[in-house]
Amino acid sequence: DYAAVLKEQVSKAIESGIQSSFEFTTNGRIIENSINPIRETDRKVRKLAIFGRDITSKKTYALALEERERFLNNIFSSIMDGISILDNEFRIIRVNPAIEEWYGHQMPLVGKKCYEAYHLRKEACEKCPSRLTMLTGEPRVEIVPKTGPAGKIDGWFELYSFPLIDEKSRESNGVIEYVRNITG
């Protein structure tokens, strides 16, 4: 019951002199309560400021976002071909498990430049489809080498690059690379 919980929290705040907050669900609503001890000049707590606000909508929205994130993560992780998300500086933002498997020798990948992690190069390739997508805003496709741990070509990928467009600004934030292993 709310009254019992509030009484317990008030007692704790008076004893400790420390601000506390708690959530309580009543009648299907989630209420966030904050108890702020107010000290007098003798440093004793003689008053409390107690605030309550309904955070049901906020919590419902947060739970919906978490569920959406889990759903998208499940999809992202279940794709058997590779997916690599790059920012406008060629930094790897995110990869799926297929990319991690192919480039396990370069882990962690996130934060590295794609050409360093995937091709052991110091700069982007001239024919890099992702570079061309960044320059033109147009999707590209190219056959690219798969570089192994020793820096030698040990396979071939079909790499599709698509612009990553910010929905609000309509500007490119990077590239989505979709990679299919075509090694025979």
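Fair warning: this is a prediction, and the values are worked out from it, not measured in the lab. (Residues numbered from 1 in each chain as written. Predicted model: local features only at pLDDT ≥ 70, side-chain atom pairs only at ≥ 80, totals over all residues. Heavy atoms only, no water.)

### Quick word on the sheet that holds strand S2 (residues 29-39)
Turning to step 1, where the next piece is worked out: Read across the sheet, 3 strands follow the order S1-S2-S3 without closing on themselves; strand pairing throughout is antiparallel. The sheet is open, and its two borders are formed by strand S1 (20-26) and strand S3 (45-54), each paired with just one other strand. The sheet shows a mean angle of 25° between the axes of neighbouring strands, taken without regard to direction.
Turning to step 2, where the next piece is worked out: Two strands pair when backbone bridges link them, and S2 and S3 are joined in this way by 9 bridges, in the antiparallel orientation. Directly across from Asn33, in S3, lies its bridge partner Gly52.
Turning to step 3, where the next piece is worked out: Relative to the sheet, helix H2 (residues 56-78) contacts S1, S2 and S3, its axis offset from that of S2 by approximately 120°. (Pairing = 2+ DSSP bridges. Helix = DSSP H or I, 4+ residues; strand = E, 2+ residues; numbered from the N terminus. Axes fitted to C-alpha atoms, helices over the stretch in contact; angles between N-to-C directions. Contact = heavy atoms within 4.5 Å.)

### Observations regarding the side chain of Glu177
Turning to step 1, where the next piece is worked out: If you trace the backbone, Glu177 turns up in strand S8 (residues 172-181).
Turning to step 2, where the next piece is worked out: Notably, Glu177 is buried but unbridged: the nearest opposite-charge side chain belongs to Arg131, and the N-O separation is 11 Å.
Turning to step 3, where the next piece is worked out: Residues contacting Glu177, with those up to four places away along its chain left out, are Gly82, Ile83, Ser84, Leu86, Tyr118, Ser130, Leu159 and Tyr160. (Buried < 20%, exposed > 50% of the residue type's maximum accessible area, 1.4 Å probe, protein only. Lys, Arg positive; Asp, Glu negative; His and termini not counted. Salt bridge = Lys/Arg side-chain N within 4 Å of Asp/Glu carboxyl O.)

### So, the sheet that holds strand S7 (residues 153-165)
By definition, the strands of a sheet pair up through backbone hydrogen bonds, in either a parallel or an antiparallel sense.
Turning to step 1, where the next piece is worked out: Spatially, S5-S4-S8-S7-S6 is the arrangement adopted by the 5 strands of the open sheet, whose pairing is antiparallel. One side of each edge strand has no neighbouring strand; the edge strands of this open sheet are strand S5 (92-95) and strand S6 (140-147). Adjacent strand axes in the sheet meet at a mean angle of 30°, parallel and antiparallel pairs treated alike.
Turning to step 2, where the next piece is worked out: Pairing analysis gives 3 bridges linking strand S4 (residues 82-87) to S5, with the strands arranged antiparallel. The partner of Leu86 across the bridge, within S5, is Ile92.
Turning to step 3, where the next piece is worked out: Strands in contact with H2 are S4 and S5; relative to S5, the strand with the most contacts, it is inclined by about 80°.

### Thoughts on the pairing of S8
Walk down a regular strand and you will see the side chains alternate between the two sheet faces.
Turning to step 1, where the next piece is worked out: Sheet analysis places S4 next to S8, joined by 6 bridges and oriented antiparallel. Within S8, the residue paired with Gly82 across the bridge is Val179.
Turning to step 2, where the next piece is worked out: Direction of pairing for S7 relative to S8: antiparallel, over a ladder of 9 bridges. By the bridge assignment, Ile165 is partnered in S8 with Ser172.
Turning to step 3, where the next piece is worked out: Taking the residues between adjacent antiparallel strands as the criterion, S7 and S8 are bridged by 6 residues, where Arg170 takes a positive phi near 65°.

### Some points on the environment of Glu23
Turning to step 1, where the next piece is worked out: In this fold, Glu23 is placed in strand S1.
Turning to step 2, where the next piece is worked out: For Glu23, the residues in contact, after removing those within four places along its chain, are Ile30, Ile31, Glu32, Ile55 and Lys59.
Turning to step 3, where the next piece is worked out: A polar contact is formed between the side chain of Glu23 and the side chain of Lys59, at a distance of 3.2 Å. (Polar contact = N/O pair within 3.5 Å; in protein donor to acceptor, adjacent residues only side chain to side chain.)

### Observations concerning the nonpolar core
Turning to step 1, where the next piece is worked out: Grouped together as the largest cluster of nonpolar side chains are 18 residues, with contacts concentrated most on Ile92, Ile99, Trp102, Tyr103, Leu109, Cys114 and Tyr118.
Turning to step 2, where the next piece is worked out: Listing elements by their share of this core, those giving two or more residues are S5, helix H3 (97-102), helix H4 (114-119) and S7.
Turning to step 3, where the next piece is worked out: Counting residues per element, this core draws most heavily on H4, at 4 residues.
Turning to step 4, where the next piece is worked out: Contact partners of Ile99, with chain neighbours within four places excluded, come to Gly82, Ile83, Leu109, Tyr118 and Val179.
Turning to step 5, where the next piece is worked out: Membership of the second largest hydrophobic core comes to 5 residues, among which are Val10, Phe22, Phe24 and Ile35. (Core = buried A, V, L, I, M, F, W, Y, C linked by side-chain atoms within 4.5 Å.)

By themselves these figures say nothing about function.
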